[in-house]
Every structure is written in C-alpha cells, then in structure tokens.
Amino acid sequence: MMRIVDTPSPNFGPRRDVERPTLLVLHYTGMRSAEESLRRLCDPASEVSAHYLIDEDGTLHQLVDESQRAWHAGLSYWRGIRDVNSHSIGIELQNPGHEFGYRAFPEAQIEILTALCLSILARHPIAASGIVGHSDIAPDRKTDPGELFPWWDLAARGIGAYPERGVPTDRPLPGLLADVGYDPDADDAIAAFQRRFRPGRIDGQADAECAALAAAYLSLID
C-alpha cells in the first residue's frame, strides 16, 4: 500500500487547454539527496516542480495535485505536443544522476513507482506511447532517467511497452523515431532511443538494430 507524504510545492499553474493528462514523464533528480531535491522542487525561485518524487527507500512525496500543471518538462516535444507540462504528469526519482554518481534504481523505489504508475493509469487515459523519459522529450538537453532505468521491468508490470527483439524493416531510422514520438529536429534523438531501448551501446549512430527495435516498438504501441 502506498503512503503519500504531502510535500506541497508552490511551483504549478493550471493546465492549458487540456482537461486530462495523456503523458507520463519519468525523471531522475540529478541531486545528491532527496532533501536537496525537495528543497529545489519546492523553492519558488527555482521555478521547477513535479507531481511526485520517490526517494530511493520508496518514500513517496506528492508535490503538485494531478489536476495542475507542474513545471518538470521544460523545453520539450512528444508526438507533436510542445507544451508537455500541460499534457503530463511528472515523476521524479531520487538518484544522483550522471553528474554525482549515477547508480541503479533500488527495488523499493521501483516497487513504489510501479504502484504509483498503475494508479495514475487507472485514473487517466495515458497510452503506452505516452509513457516516456525526460531524455525522450528533450533529447538534446537531458539524459534522465538514463541507461540504468529498468524500462523493460516496468513494461513487464503493465506500464508502457518494450520490445523483446527487433523486427526487420527497410524504413530509415529517423522516420521511425519520428513515428515513435521524438522531435524530428532533435540532434540526439538516436542516442535517446538507444539509452532507453539499447542501453548497452549508446553511440548515436543509426543502424539496422536500432531500426528493427523502433519498428518492433511501434508494432506494440500502434
């Protein structure tokens, strides 16, 4: 059972021309401790927030009500949407990130994330294609939640989709990634896709393996 700690942030506003969220965005905090992360997410001067933060021990904080527009996505794009904040719910996972000692996400944290995501999906019309990482919606700026995040595990638990293997395709990778949802003008979309779907080799180069994985993912979400 989830126990939610109410930790209100002043950094939010009304959703713009959107009645209900259709995207779920996962982040890591990139800060050394949950205390430091919460201070920043609740500081009016920072102008950043999220709906939830999950500490590494599984403690779940709610910062912004789901009906409101939290400020977590920044300049971003997904499937034609540019005001991602208005369309999404944002979840921060406490992790020091690549700058301060990136590490695997503990099982206690993933268990609470699973329960939270399933409860959100029960409340809102969020398709598998709308469950994304910060690096997916802002590939030229962000790398979180990073290559250690267990996307395959979440998919096995009913959250999002993850191809077990690629399927042969003659389509070029850039077009496939645009269909997946990535900004076609982003320079680092291939690396972002690899970080999520081929974390063992992130080289930013288009190849047949990535095209096959993208084609397989599209077959799962469309």
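Remember, it's a predicted structure, so these values are computed and weren't measured experimentally.

Here we look at the overall build of the chain
In terms of regular secondary structure, the chain is built from nine helices and eight strands. Relative to its length of 222 residues, the chain is compact, with a C-alpha radius of gyration of 17 Å against a globular reference of 17 Å. For the chain, restricting intrachain contacts to residue pairs at least 6 apart in sequence, the fraction spanning at least 24 positions comes to 72%. For the chain, the distance from the average position of its 21 positive side-chain charges to the average position of its 33 negative side-chain charges is 1 Å.

Let's talk about the side chain of D55
Residue position: D55 is located in the loop between β4 (52–54) and β5 (60–62). Put simply, D55 is tucked away with no salt bridge, and the nearest opposite charge, on R103, sits 7.4 Å away. Beyond its immediate stretch of four places on either side in the chain, D55 contacts A34, Q94 and Q109.

Quick look at the sheet that holds strand β3 (residues 23–28)
On the basis of which strands lie adjacent, the open sheet formed by six strands has the order β1-β5-β4-β7-β3-β8 and mixed pairing. Each edge of the open sheet carries a strand with a single partner, namely β1 (4–6) and β8 (131–133). On average, adjacent strands in this sheet sit at an angle of 25° to one another, irrespective of strand direction. Sheet strands in contact with helix α1 (residues 34–41) are β4, β5 and β7 (88–93), and its direction is about 170° off that of β4.

Side note on the nonpolar core
Counting residues in hydrophobic clusters, the biggest one holds 54 residues, and the most contacted among them are L24, I91, L113, F149 and Y182. Per element, the largest residue contribution to this core is eight residues, and it comes from helix α9 (residues 208–221). Beyond its immediate sequence surroundings of up to four residues, L113 is in contact with L26, I54, I91, L93, F149 and L154. By size, the runner-up hydrophobic cluster in this structure holds seven residues, among which are A34, L38, L63 and V64.

Cut-off values and rules
Residues numbered from 1 in each chain as written. Predicted model: local features only at pLDDT ≥ 70, side-chain atom pairs only at ≥ 80, totals over all residues. Heavy atoms only, no water. Helix = DSSP H or I, 4+ residues; strand = E, 2+ residues; numbered from the N terminus. Rg over C-alpha atoms; globule rule 2.2 N^0.38 Å. Contact = heavy atoms within 4.5 Å. Lys, Arg positive; Asp, Glu negative; His and termini not counted. Charge placed at Lys NZ, Arg CZ, Asp CG, Glu CD. Buried < 20%, exposed > 50% of the residue type's maximum accessible area, 1.4 Å probe, protein only. Salt bridge = Lys/Arg side-chain N within 4 Å of Asp/Glu carboxyl O. Pairing = 2+ DSSP bridges. Axes fitted to C-alpha atoms, helices over the stretch in contact; angles between N-to-C directions. Core = buried A, V, L, I, M, F, W, Y, C linked by side-chain atoms within 4.5 Å.

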